[in-house]
Amino acid sequence: MQVIGLHSSETQRRSAIGVEVARYMPGDATAFQMAAEVMFDVDMLSRAQVVVGTLASQVTRVGCSIGYARRKLLKAIALDFELLQSQKDLHKQWGVRVDDVPWSPPAC
């Protein structure tokens, strides 16, 4: 198994509840760097055969959805699987599915 990721990225340094790229000035190099890092994360997730992540992460859900649509993703394990129904309920108002990927709970 090979894991590919960024080390000491701008998004990792600034990651917290409520942190958004939109907080930075338009044209700001930091905002551009963060956007590029998120695109990298989505791309890498979409290429994975197995993903262990969280349903609460929009990046994880988008990456897994793309990977599943491409028939690359074989297994998606949600560490917060118990939130599946509440995530479905929350995103229904925007017409966004969170169950397009067959999520599995972690094996204990």
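Residues numbered from 1 in each chain as written. Predicted model: local features only at pLDDT ≥ 70, side-chain atom pairs only at ≥ 80, totals over all residues. Heavy atoms only, no water.

- An unreviewed UniProt entry lists the chain under the name PDE9A protein, with Symbiodinium pilosum given as the organism.

## Overview of the pattern of salt bridges
Part 1 of the reasoning: A full pass over the atoms with the stated rule returns three salt bridges.
Part 2 of the reasoning: Across the pair Asp 43 and Arg 47 runs a salt bridge, and its minimum N-O distance is 3.1 Å. Here Asp 43 pairs with Arg 47, and both are found in helix α2 (residues 29-47), just four residues apart, close to one helical turn.
Part 3 of the reasoning: Between Arg 97 and Asp 99 there is a salt bridge, with its nearest N and O atoms 3.0 Å apart.
Part 4 of the reasoning: What makes Arg 97 exposed here is its relative accessible area of 56%.
Part 5 of the reasoning: Residues joined by salt bridges that share partners form a network here, namely Lys 88, Arg 97 and Asp 99. (Salt bridge = Lys/Arg side-chain N within 4 Å of Asp/Glu carboxyl O. Helix = DSSP H or I, 4+ residues; strand = E, 2+ residues; numbered from the N terminus. Buried < 20%, exposed > 50% of the residue type's maximum accessible area, 1.4 Å probe, protein only.)

## Overview of the sheet that holds strand β2 (residues 75-78)
Part 1 of the reasoning: Reading across the sheet, the three strands line up as β1-β2-β3 and stay open at both edges, with parallel pairing between neighbours. Each edge of the open sheet is held by one strand with a lone partner, namely β1 (50-53) and β3 (103-104).
Part 2 of the reasoning: Alignment of β2 against β3, held across two bridges, turns out to be parallel. Pairing of Ala 76 across the sheet is with Trp 103, part of β3. (Pairing = 2+ DSSP bridges.)

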